[in-house]
Structure formats: structure tokens, C-alpha cells
Amino acid sequence: MERTLWANPGTTDPCPARDRKRSDSQPAGLEHMWRPPEDPPGPGASTVSASGLPRTGSDPVILKTPVPLGFVADSLRASDGQLHAKAPTKPPRTPSLLLPDASGRPPTYCELVPRVLRGQGLPHGHSCPEAEVPWWEAEEETEEDRCFARPQAEVSFCLPDTLSCLLGSQNRPLEPEVLHTLRGLFLEHHPGSTALHLLLVDCQATGVLGVTKAQRGAMGVASGLELLTLPHGHRLRLELLERLETLALAGALAVLGCAGPLEERAAALRGLVELAVALRPGAVGDLPGLAAVMGALLMPQVRGKQEEAGSVMGKSGGKGGSGLFHQVSRLERTWRHLRRSHTEAALAFEQELKPLMRSLNEGAGPSDPGEVALPHVAPAARLLEGEELPGPLDESCERLLRTLHRARQTARDAPRFREAAARRLRGFRPSRELTEALTTGFLRRLLWGSRGAGAPWATRLEKFQRVLSVLSQRLEPDP
């Protein structure tokens with residue numbers, strides 16, 4: 001059988017006078033068999049027929065459109081130049097998987113659409129499941145889809161108590177086995193990974209990511225950053241202040257619980273400083289997490305009684321000291337070893353982190369959603385809960401105005417903060433154990449036990465402060 005040359009109807013043979021030595025064994029009506037009769041020309045197809053073109057002997061037929069290879073293979077299945085009396089049916093244009101008789105024969109090379117055998121795929125009637133999108137990457141409704149809803153009740157973003165993978169149903173405070181497991185867990189993750197885990201949990205606790213439709217309807221706004229400034233945000237403000245203090249206590253315990261050599265405590269201090277650097281604006285940008293870590297580093301049982309110790313937590317006025325090393329009055333040998341062995345971390349703490357945290361507590365500092373994923377909301381929460389600002393009257397009034405203005409900006413920019421946080425967490429796959437270890441409910445049970453976790457917050461705070469004081473005195477007794 002001779003080859004078929006696909007030619008353009010507008011082209012001609014460049015050598016028309018050349019003699020061709022070919023056998024004229026093909027039927028003259030071959031062009032009718034190559035084009036199925038039931039396939040009418042389209043509205044934009046050419047009207048020039050193959051029979052109207054000059055043809056000599058067994059010249060190949062000039063076709064308007066190419067035909068499928070499978071159709072050619074089935075049509076020219078003959079011997080001695082005899083063709084089928086009846087043209088075969090037109091090849092199907094639908095996948096063979098949908099045809100009832102397709103499963104009984106193997107797929108051929110000439111099929112238009114490759115068949116997928118059911119034995120190699122999913123069961124009949126089932127579709128491929130889509131990849132599950134993490135809750136922090138799920139799309140939320142836009143401002144155009146939102147309408148005003150009257151607040152119905154106070155909303156809590158605390159996760160419900162579920163079966164813990166680190167704690168049993170009943171546990172005592174500060175179980176040694178759990179503390180040892182947590183120490184190894186944090187050592188497995190570098191500061192950048194831990195900072196992203198903390199940002200994820202803080203965004204959930206603040207109501208920036210993962211807010212359900214029912215929660216939005218109950219609080220009347222779309223974000224916890226807006227709810228913080230409203231009267232019915234009282235419960236959320238208390239929860240966030242408790243979370244800040246609880247994280248700071250747990251961070252201080254990470255240092256004071258090191259009963260081993262001095263290098264171990266200095267390494268714990270360095271780990272907290274590196275975590276604070278990873279949380280600062282321009283990096284992960286989790287300012288509530290940064291405030292908690294700095295609160296642990298400047299706690300009186302760790303750093304000593306100085307002006308900055310309360311300033312970082314937002315509980316004292318004044319400008320603070322000059323940030324010199326000799327201001328340390330607790331764990332002096334530990335801080336001295338940090339300066340000698342980890343000088344870069346010590347300088348970052350003194351020259352960058354302390355001034356940054358002081359300005360944030362005074363209502364200043366970075367707040368742009370581009371470099372900050374989660375703003376520092378503790379000063380506004382304390383102010384709206386009725387806490388008075390200490391210090392001279394003129395300075396406290398200026399600080400009051402700055403804090404209220406920052407809170408109003410935060411509520412206005414809540415959608416932008418959500419976008420910034422979601423952008424930093426895009427593609428992040430957290431560890432289940434580390435995520436649970438950073439939740440408020442887990443830390444509450446870890447520090448006070450399953451029974452003591454239900455006590456009033458003021459009582460729990462006072463008791464654990466005494467525990468930290470005892471641990472600090474055991475490590476480095478006062479002269």
C-alpha cells in the first residue's frame with residue numbers, strides 16, 4: 001500500500017512534468033472511502049473537492065483534513081486490493097472508559113482517547129479525592145460577601161480539651177517524663193520552625209485564622225483583632241493575657257528547670273534569644289509570641305529585679321535602663337557564660353530585642369502588616385480591661401493615646417494581617433506534638449496539673465511564681 005501524502009490544497013507538485021513509475025493498482029473511488037459520508041463539511045471548510053483536482057494515474061488523493069490513524073488502519077484491511085463493501089463506523093470521540101464494550105478488549109495504538117482500566121484506578125462510581133487544604137490556608141469570605149450581624153455572645157477561640165498525645169487524661173504538675181520529652185521536641189526543631197508553629201497557634205488563639213462562620217456570626221465581626229476592641233471582646237482579652245503570661249512562665253521554666261551544668265542553662269538562654277530573633281518583625285512577625293519569649297528572659301527569677309523586667313511585659317512605666325550587662329541581678333553566672341560563649345545572641349538580646357520590646361509596649365514600634373503577621377495586642381487588652389498606666393501623668397496620657405490609636409489601626413487592618421499570616425504559613429506542615437505543646441490548654445495542664453488547671457488565674461500565677469523563685473535560688477543562691 002502506498003503512503004498517503006498530506007498536502008495543502010493550495011500547493012502543487014513542483015515537478016508536474018516528471019514521469020512517475022507507479023502501479024495503478026488502487027481503486028479510483030478511494031477518496032470516497034477516506035472521507036466518511038456522514039461527516040459533512042463544516043461551515044468554514046473549503047468547498048474544493050478532491051475529484052476536482054488534477055490527478056494522473058495513481059497520484060495520491062489530496063485530502064481536506066487529516067484522518068485518524070486508527071480509521072485508516074481499520075479501513076484498509078483487505079487483500080488483493082479489495083476493500084470492505086461497507087465503510088466502517090466512525091471512531092468514537094468519547095473516552096473508552098465510558099463505553100460498555102470497552103472493558104472487554106485491550107487498548108489499541110489507534111484509539112483517539114487512551115482507556116484507563118478500572119482495575120488500575122478507583123472503584124466504579126468513585127472520584128479521585130482532592131487534597132485536603134489545611135484550615136489556615138482555607139479561603140474566607142470577602143468584605144463584599146459579608147453583611148452586618150448583631151453580636152450574639154462572647155466568643156472563645158480556645159481549643160476544646162481533646163485526647164493529648166503528650167499528656168494523659170490525669171497528670172500532675174511538671175511531670176519529669178513530659179518535661180524531658182518536651183526538651184527533646186524543641187531541640188529537634190530549629191528556631192525558625194518553632195517560630196512558625198508559635199505563629200500558627202497564636203493566629204488561632206487570636207481569631208485571625210481558622211474562624212468559623214458560626215463564630216463570625218456570634219461576634220458580629222470577621223476577626224479577633226476587631227473583637228478585641230469591642231465591649232463583648234472581654235473574654236478574648238482575658239484569654240490572650242493569660243496566654244501571654246503562661247507562655248512566659250513556660251519559657252522561664254525552660255531555663256530554671258536545667259539543674260545540670262552551667263552550659264546547659266546558657267544554651268537554654270541562647271535558644272530563647274534565637275527564638276525571639278526569629279519572631280521579630282521582618283522575620284516571622286509574631287509579636288505576641290515575641291512578647292512572651294521576652295517576658296521569660298526578663299522575668300525577675302531569670303534576669304533579676306530591674307526596670308526592664310516589668311517594662312517588657314507592659315506593666316511598668318519609665319524608659320528603662322541603658323541595657324548594660326551589669327544590670328543582671330539573678331543567674332549572674334549563667335548570663336556571664338552566655339556573653340562569653342554566645343556573644344552574638346547576647347548582643348542581639350541587649351541591643352535589638354530589648355529596645356524593640358520597650359517601644360512596642362509603649363504603643364510604638366513596627367506595625368505594618370507587610371513585616372508583621374500578628375500585632376502586639378497585649379497593651380490595648382490591658383488598657384481596655386481597666387488597668388491603669390503607671391508613671392507621670394503626661395507620659396501616661398501620651399502612651400494611652402498611642403495605644404488606643406494602634407488598637408484602632410489594628411482593627412482596621414485585620415484583613416491585611418490575616419493575609420500576611422496566611423502568606424507566611426503557606427505550605428507549612430506543622431508537627432502535631434509541637435503544635436499541641438504550644439497551646440494554652442496544654443501549658444495550663446503542664447504547669448498546674450489536670451486538677452490545678454481549673455483554679456482562678458490569679459491563684460495559679462502566684463503559686464507558680466513562688467515555684468520559679470525556689471528554682472532560681474537553688475541554681476544560684478544569693479550571697
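Residues numbered from 1 in each chain as written. Predicted model: local features only at pLDDT ≥ 70, side-chain atom pairs only at ≥ 80, totals over all residues. Heavy atoms only, no water.

Draft legend 1. View of the confidence of the model for the protein. Within the protein, residue pLDDT values average 76, and 65% of them lie at 70 or more. Here residues 1–85 is modelled with pLDDT under 50, and outside its nearest four sequence neighbours on either side it reaches 70 contacts, counting other chains as well. Throughout residues 307–312 the model reports pLDDT below 50, and contacts reaching past four residues in sequence, or to other chains, amount to 26 contacts. (pLDDT = per-residue confidence, 0-100. Contact = heavy atoms within 4.5 Å.)

Draft legend 2. Representation of the packing of helix α4 (residues 191–206) against helix α7 (residues 234–256) within the structure. The geometry of α4 relative to α7 is characterised by a closest axis approach of 10 Å and an angle of 155 degrees between their N-to-C directions. Of the possible angle classes, the one that applies to α4 and α7 is roughly antiparallel. In this structure, α4 contributes Leu 198, Val 201, Asp 202, Ala 205 and Thr 206 to the contact, and α7 contributes Leu 236, Leu 240, Arg 243 and Leu 247. (Axes fitted to C-alpha atoms, helices over the stretch in contact; angles between N-to-C directions. Helix = DSSP H or I, 4+ residues; strand = E, 2+ residues; numbered from the N terminus. Parallel < 35°, antiparallel > 145°, perpendicular 65-115°, else oblique.)

Draft legend 3. Quick look at unusual backbone geometry. The phi dihedral of Leu 174 is positive, around 55 degrees, even though this residue is not glycine. With relative accessibility at 22%, the residue Leu 174 sits in the partly exposed group. Residues other than glycine seldom take positive phi values, yet Leu 331 does so here, at roughly 50 degrees. Among the structural elements, Leu 331 can be located in the loop between α10 (307–312) and α11 (332–341). (Buried < 20%, exposed > 50% of the residue type's maximum accessible area, 1.4 Å probe, protein only.)

Draft legend 4. View of the packing of aromatic side chains. Summed over all chains, the structure comprises three aromatic pairs. Three or more aromatic residues joined by ring pairs make a cluster, and in this case those are Trp 448, Trp 457 and Phe 464. When the ring centre of Trp 335 is taken as origin, the NZ or CZ atom of Arg 303, which lies over that ring, is 4.5 Å away. In this structure, Arg 460 packs its charged tip against the face of Trp 448, placed 4.9 Å from the ring centre. (Phe/Tyr/Trp six-rings, centres within 6.5 Å; stacked < 30°, edge-to-face > 60°. Lys NZ or Arg CZ within 6 Å of the ring centre and 35° of its normal.)

Draft legend 5. How the structure looks around the packing of α7 against helix α17 (residues 440–452). Axis separation between α7 and α17 bottoms out at 10 Å; the angle between their running directions is 50 degrees. What the angle tells us is that α7 and α17 run oblique. In this structure, α7 meets α17 at a crossing whose hand is left-handed. Residue-level contacts link Glu 242, Arg 243, Thr 246, Leu 247, Leu 249, Ala 250 and Leu 253 of α7 to Thr 440, Leu 443, Arg 444, Leu 447 and Trp 448 of α17. Residues of the contact of α7 with α17, tallied by class, amount to seven nonpolar, two polar and three charged. (Left-handed = near helix turned anticlockwise from the far one by under 90°. Nonpolar A, V, L, I, M, F, W, Y, C, P; charged D, E, K, R; others polar.)

Draft legend 6. Structural view of the nonpolar core. Counting residues in each nonpolar core, the largest one holds 91 residues, and the members touching the most others are Leu 290, Met 294, Leu 297, Trp 335 and Phe 442. Per-element accounting of this core gives the leading share, twelve residues, to α7. (Core = buried A, V, L, I, M, F, W, Y, C linked by side-chain atoms within 4.5 Å.)

Draft legend 7. Representation of the pattern of salt bridges in the model. In the structure shown here, the tally under the stated rule is 16 salt bridges. Note that Arg 280 and Glu 352 form a salt bridge whose closest N and O atoms lie 3.0 Å from each other. You can see Arg 280 sitting in the loop between α8 (262–279) and α9 (287–297) and its partner Glu 352 sitting in helix α12 (residues 343–361), a full 72 residues away along the chain. Judged by its relative accessible area of 26%, Arg 280 is partly exposed. What emerges from the salt-bridge pattern is a single network uniting Glu 242, Arg 444 and Arg 460. (Salt bridge = Lys/Arg side-chain N within 4 Å of Asp/Glu carboxyl O.)

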